[in-house]
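# Geometric and topological summary
Residue strings, one per chain:
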Amino acid sequence: ILYMLDFSCGTLKKRGIRTFLGRVYNISEAPFVVHVSTGDLASCTGFIVAEEWVVTAAHCFHYSNVAIVSMGVNNKQDPSIKIFSESVFIHPAYFPGYREYDIALIKLQSKIRETKVVKIIKIEDKDWPVNMISRRCFVAGFGVHLSTGEDGILHGGRVIAGIGQYPYDCMFTYYKNIIWTHRNVSEPLCYADSGCPLICDNVAVAVGVASFLCSKPKYDIKCGESYVDGY
């Protein structure tokens, strides 16, 4: 069962660049992660779930229903294996501007060939464990890395995740089915790239769609303190 990772809103030009911190990854550490381009308007992350299928966020397709999927690279600017979409399927219950059902499936024009840097990730086939509010997971995606200032490099970090109502005072507590990360015990993620996967126990459990402001920063925005990533 694939949940929605409530993360940031991709790299839409009209909304500004979305970024997150964490450690720079080599693609061999997350070979299922791909870069998804939908023309000039959006740049998102996705992940390979079958030979011809990639999962990403639905809001990446506000302005286009065509995608170019680049795989096997550490930086979206590097030469890569590129496959065009044959079709894009948006969740039928998704409504632009809302967080729920923000999931899209991309059917590729040709099958991928698995290598050391291009692999399929299995989707979790059961519900989130009952009463599990401290599951150890990690996230990876493309975007601007705040520490290096580089755009489109693969990076991510470890998170401690839970599901249901967030146990602190946040604006998104009315979402009952999102996965959130603990602010104080996760690595400092902030604005992860839309469509990136949350990986727990070596399977994909959610797809990134937004970040939530949880508390007003005293001096400056500090990733992992003022913002909570929901999944």
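Residues numbered from 1 in each chain as written. Predicted model: local features only at pLDDT ≥ 70, side-chain atom pairs only at ≥ 80, totals over all residues. Heavy atoms only, no water.

- As recorded in an unreviewed UniProt entry, the protein goes by Putative trypsin-like serine protease and comes from Panstrongylus lignarius.

## Quick look at the confidence of the model for the protein
- With 65% of its residues at a pLDDT of at least 70, the protein reaches an overall mean of 75.
- Predicted confidence for residues 4-20 stays below pLDDT 50, and this span has 97 contacts to residues more than four positions away or in other chains.
- In the model, residues 216-225 has pLDDT below 50 throughout and makes 15 contacts with residues more than four positions away in sequence or in other chains. (pLDDT = per-residue confidence, 0-100. Contact = heavy atoms within 4.5 Å.)

## Focus on the packing of aromatic side chains
- Under the counting rule described, the total for this entry stands at two aromatic pairs.
- Look at tyrosine 25 and phenylalanine 138: their rings are 6.3 Å apart centre to centre, the planes differ by 55 degrees, and that puts the pair in the tilted class. Separated by 113 residues along the polypeptide, tyrosine 25 in the loop between β2 (23-24) and β3 (33-37) and phenylalanine 138 in strand β9 (residues 135-141) bring together distant segments of the chain.
- Residue classification places tyrosine 25 among the buried residues on the basis of a relative accessible area of 8%.
- Given a relative accessible area of 22%, phenylalanine 138 falls into the partly exposed group.
- Relative to phenylalanine 89, the ring of tryptophan 53 lies with its centre 5.9 Å away and its plane at 40 degrees, an arrangement referred to as tilted. Placement of tryptophan 53 in strand β5 (residues 53-56) and of phenylalanine 89 in strand β7 (residues 81-90) is noted, with a sequence separation of 36 residues between them.
- Exposure remark for tryptophan 53: the relative accessible area of 26% places this residue in the partly exposed category.
- If you follow arginine 135 out to its NZ or CZ, it ends over the ring of tryptophan 128, 4.8 Å from the centre. (Phe/Tyr/Trp six-rings, centres within 6.5 Å; stacked < 30°, edge-to-face > 60°. Helix = DSSP H or I, 4+ residues; strand = E, 2+ residues; numbered from the N terminus. Buried < 20%, exposed > 50% of the residue type's maximum accessible area, 1.4 Å probe, protein only. Lys NZ or Arg CZ within 6 Å of the ring centre and 35° of its normal.)

## Remarks on the state of the cysteines
- With the rule as written, the count across this model stands at two disulfides.
- Two residues, cysteine 44 and cysteine 60, share a disulfide whose sulfurs are 2.1 Å apart. Taking the torsion about the S-S bond as the criterion, the cysteine 44 to cysteine 60 disulfide, at about -110 degrees, is left-handed. You can see cysteine 44 sitting in strand β4 (residues 43-50) and its partner cysteine 60 sitting in the loop between β5 and β6 (68-71), a full 16 residues away along the chain. A single burial state applies to cysteine 44 and to cysteine 60, both of which are buried.
- Not part of a disulfide, cysteine 196 finds its nearest cysteine sulfur in cysteine 44, a span of 9.6 Å. (Disulfide = S-S within 2.5 Å.)

## Regarding the sheet that holds β7
- The six strands are arranged β3-β4-β5-β8-β7-β6 in a closed barrel whose pairing can be described as antiparallel. Going from strand to strand, the sheet's axes swing by 40 degrees on average, the running direction of each strand aside.
- Two strands pair when backbone bridges link them, and β6 and β7 are joined in this way by four bridges, in the antiparallel orientation. Residue methionine 71 lies in a different strand from β7, and its bridge partner there is isoleucine 81. (Pairing = 2+ DSSP bridges. Axes fitted to C-alpha atoms, helices over the stretch in contact; angles between N-to-C directions.)

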